[in-house]
Amino acid sequence: MAAQDEREPLITPALPANRSGYGTVEDARDAMSKFVVNNVAGESGRKLPQYIAGLAASGGALAAGTFLGWTAPTDKPLTVEGEYGFPVSDEQFSWVGSISNLGAALMCFPIGYMMKLIGRKWSMLAMVLPLVFGWLLIIFAENVAMLMVGRFFLGVGGGAFCVAAPTYTAEIAQPSIRGTLGTFFQLMVTVGILFVYAVGAGVDVQVLSIICGVIPLVFGAIFFFMPESPYYFVEKGRYSEAASSLKWLRGVQYDENAEIEDLKQADEKVKAEAIPMLVAFRQKATVRALAISLGLMFFQQLSGINAVIFYNSAIFASANGGKEMSSASIIVGGIQVVATLFASFVVDKVGRRILLLVSDLMMAVSTILLAVYFQLKQDDPAKVDDLSWLAVLAVCLFIAMFSIGYGPVPWLMVGELFANNVKAFASPVAGVFNWLLAFLVTKVFTNLKDAMGEAGVFWLFSGISLLGTVFVFLVVPETKGKSLNDIQRILAGEKLNADEPAGLPDPRDERDERPSQVA
């Protein structure tokens, strides 16, 4: 955050003495003119190219969504019907389903170094290889080991996208649309899941896997034509290429000089403030940011989302007179897409905190309803004959509430909470923690269900969601419209002055909001 005496009204910015070699009145006027052109009324430049590039990058999330949703339509065909010609036990399939999370956790740190070395764009394009290789192993699998290895490689590619795509999106986006573009990733994940649910209902496992294997290739063909992050070019001293990237993203009429200077200053600041990991974790702001990030990831994975997805087919079947509904998973996937799309429109308007609070509270209500339903069913199945509609409503409500808050927002906030000089090692820690929790929950859920019963599992999840609501209310700050420096001051315990409007950060600090992966 710039010092208070440097903050000026937006239309009359202060010109630093030696920022770009300004020496004459004409130079100063020219600089003033460029600043006003680029910043009056907030921002200039076209937004559509940024949306296009953001959506193209989120094509990796679509590929990730397909492997995340693949287990739902393939469970019975592989374990019961033996579609692949070799036996797959429930225990083996639980490993097939969960091992991709280990592959994703493995890539959280290496992908940061790859982005530093070869750029954000080429790092994402490189992840097409493990995705295609993983699908090939699954398509031509002759035993369970090939299925597991294929799923592991899918996790490697998908986990890398969970770091690279949000980073790329944040670096190409102007602050006014950063939150909206940040939700594109989760939106495309849900679209990928819905796609697999819908296609999987009509084709066999091998055909489904072939279709899923084509998606990374389509992503690569489209994303190849997108620009590299201008922040990466500035890191490498390739300023003309950074200017070309900004022209692509903001439009040919955009004067990129001021933004290039901001990027240079942000890069110099990151390099000057680079600190060892142990030193970083002695800072109050970093400790609080890590605690908040890990807390959000914990409550996201232990909200009960896996249990609700697991039981949705059985719940819909009970509402359908005991007959299995092939459309149940499609309905759930559709709700995810619509709710996540809604979140992308409102996240920059209503804020992160309110979405998290509403999401977690209503998820708790939903799992309480499911716990009561399963408790009554356990005591006397006849009692729930006329209450199956309530269970269906609870499932739909849970999926919708998860998708507007705890689905996309934790990933978005991880990119906002850490200072640039600690993001290189702090953000991947949050990612690894999330994927390991996902592996743990997916792997032990069946054992937990056997030990506690269906009702006990949902009572547990409802209690965790209520704790998550309290956590958000007491601990999580609002980051909407705040610069990174403002967020760091809040995490350090400072109170922002009333005359420091969060929506108008100093333009020289604007680039501090771009993620930095490796110092």
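Residues numbered from 1 in each chain as written. Predicted model: local features only at pLDDT ≥ 70, side-chain atom pairs only at ≥ 80, totals over all residues. Heavy atoms only, no water.

A. Spotlight on the overall build of the protein chain. Helix and strand counts for the protein chain stand at 23 helices and zero strands. A burial count over the protein chain gives 56% of its 519 residues as buried. For the protein chain, contacts bridging at least 24 residues in sequence account for 81% of all contacts bridging at least 6. For the protein chain, the exposed surface amounts to about 20,800 Å²; the carbon and sulfur share of it is 66%. (Helix = DSSP H or I, 4+ residues; strand = E, 2+ residues; numbered from the N terminus. Buried < 20%, exposed > 50% of the residue type's maximum accessible area, 1.4 Å probe, protein only. Contact = heavy atoms within 4.5 Å. Areas by Shrake-Rupley, 256 points an atom, 1.4 Å probe, with all protein chains shown as cover.)

B. The packing of aromatic side chains, seen in detail. According to the stated counting rule, one finds 16 aromatic pairs in the structure shown. Relative to F223, the ring of Y168 lies with its centre 5.2 Å away and its plane at 75 degrees, an arrangement referred to as edge-to-face. On the criterion of sequence distance, the pair formed by Y168 in helix α9 (residues 144–172) and F223 in helix α11 (residues 205–223) is long-range, its members being 55 residues apart. Seen in terms of ring centroids, Y232 and F233 are 5.9 Å apart; in terms of plane orientation they differ by 50 degrees. Their pairing is tilted. According to the relative accessible area criterion, F233 is buried, its value standing at 9%. (Phe/Tyr/Trp six-rings, centres within 6.5 Å; stacked < 30°, edge-to-face > 60°.)

C. Structural view of the pattern of salt bridges. One pass over the full model with this rule turns up ten salt bridges. Taking the shortest distance from any N to any O, the salt bridge between E235 and K116 comes out at 3.6 Å. Note that E235 is positioned in helix α12 (residues 230–235) and K116 in helix α6 (residues 110–118), a separation of 119 residues in sequence. Judged by its relative accessible area of 9%, E235 falls in the buried class. Note that D450 and K449 form a salt bridge whose closest N and O atoms lie 3.6 Å from each other. (Salt bridge = Lys/Arg side-chain N within 4 Å of Asp/Glu carboxyl O.)

D. Examining the environment of K76 more closely. Counting through the fold element by element, K76 comes out in helix α4 (residues 71–79). According to the relative accessible area criterion, K76 is partly exposed, its value standing at 46%. Along the chain, K76 and F93 lie 17 residues apart, while their C-alpha atoms are 10.0 Å from each other.

E. Structural context of a negative patch on the surface. On the surface, D379, D380, D385 and D386 cluster together into a negatively charged patch. With respect to the helices and strands, the residue D380 is situated in the loop between α19 (352–379) and α20 (388–406). We classify D380 as partly exposed; its relative accessible area is 32%. (Patch = residues over 30% accessible without salt bridge, like charges linked within 9 Å, V, L, I, M, F, W, Y side chains within 5 Å. Lys, Arg positive; Asp, Glu negative; His and termini not counted. Charge placed at Lys NZ, Arg CZ, Asp CG, Glu CD.)

F. Examining the side chain of S359 more closely. For S359, the position within the fold is in helix α19. Taking relative accessible area as the criterion, S359 reaches 0% and is therefore assigned buried.

G. Layout of the environment of I315. Relative to the elements of secondary structure, I315 occurs in helix α17 (residues 305–318). By relative accessible area, which is 2% here, I315 ends up buried. Sequence separation of I315 and A391 is 76 residues, and the distance between their C-alpha atoms is 6.5 Å. If we skip the residues at most four places from it in the chain, I315 touches L370, F374, A391, V392 and V395.

H. Broad picture of α11. For α11, which comprises 19 residues, the first-to-last C-alpha distance of 28 Å matches the rise-based estimate of 27 Å (1.5 Å per residue) to within 8%. Here α11 has its buried residues at V205, L208, S209, C212, G213, I215, P216, F219, G220 and F223. An end-on view of α11 places all buried positions within 140 degrees of arc, on one side of the element. Between the side-chain oxygen of the N-cap and the backbone nitrogen of Q206 there are 3.2 Å, and the N-cap of α11 in question is D204. (Expected span 1.5 Å × (residues − 1). Arc of directions from axis to C-beta. Polar contact = N/O pair within 3.5 Å; in protein donor to acceptor, adjacent residues only side chain to side chain.)

I. View of helix α18 (residues 328–350). For α18, which comprises 23 residues, the first-to-last C-alpha distance of 31 Å matches the rise-based estimate of 33 Å (1.5 Å per residue) to within 8%. Approximately 35 degrees is the largest bend angle found in α18, and it occurs at S344. (Bend = angle between axes of the 7 residues up to and from the residue.)

J. Up close: the environment of E91. With respect to the element layout, E91 can be found in helix α5 (residues 90–107). Relative accessible area serves as the criterion here: at 45%, E91 is assigned to the partly exposed category. Remark: the alpha-carbon pair of E91 and K443, spanning 352 residues in sequence, is separated by 9.0 Å. There is a polar contact of 2.9 Å between the side chain of E91 and the side chain of K443.

K. Representation of the confidence of the model for the protein chain. Confidence in the prediction of the protein chain, expressed as mean pLDDT, is 80, and 83% of residues score 70 or more. Averaged over each element, pLDDT in the protein chain is lowest for helix α1 (residues 25–39) (39) and highest for helix α8 (residues 128–139) (96). Ignoring residues within four places in sequence, the model shows residues 501–519, a span with pLDDT below 50, making 76 contacts including any to other chains. (pLDDT = per-residue confidence, 0-100.)

L. Molecular detail of the packing of helix α13 (residues 239–250) against helix α14 (residues 257–272). With their axes 10 Å apart at the nearest point, α13 and α14 run at an angle of 125 degrees to one another. Here α14 runs oblique to α13, going by the angle between their axes. For the pair α13 and α14, the sense of crossing is right-handed. Across from Y239, A242, A243, L246 and R250 in α13, the residues of α14 making contact are E259, I260, L263 and K264. Considered class by class, the residues forming the contact of α13 with α14 number six nonpolar, no polar and three charged. (Axes fitted to C-alpha atoms, helices over the stretch in contact; angles between N-to-C directions. Parallel < 35°, antiparallel > 145°, perpendicular 65-115°, else oblique. Left-handed = near helix turned anticlockwise from the far one by under 90°. Nonpolar A, V, L, I, M, F, W, Y, C, P; charged D, E, K, R; others polar.)

M. Fine view of the packing of helix α2 (residues 48–57) against helix α10 (residues 175–200). One way to put it is that α2 packs onto α10 with a least axis distance of 9 Å and a crossing angle of 25 degrees. By the angle class used here, α2 and α10 are roughly parallel. The handedness of the crossing between α2 and α10 is right-handed. Note on element contacts: α10 touches α2 through I177, T180, L181 and F184, opposite Q50, Y51, G54 and L55. Each residue belonging to the contact of α2 with α10 can be placed in one class, and the counts come to five nonpolar, three polar and no charged.

N. Main features of the state of the cysteines. Applying the stated criterion across every chain yields a total of zero disulfides. The closest cysteine sulfur to the non-disulfide-bonded C108 is located on C162, 7.5 Å from its own sulfur. (Disulfide = S-S within 2.5 Å.)

O. The arrangement of the side chain of T286 in detail. In this fold, T286 is placed in helix α16 (residues 284–301). Dropping the residues within four chain positions of it, T286 is found in contact with A280, F281, F418 and V422.

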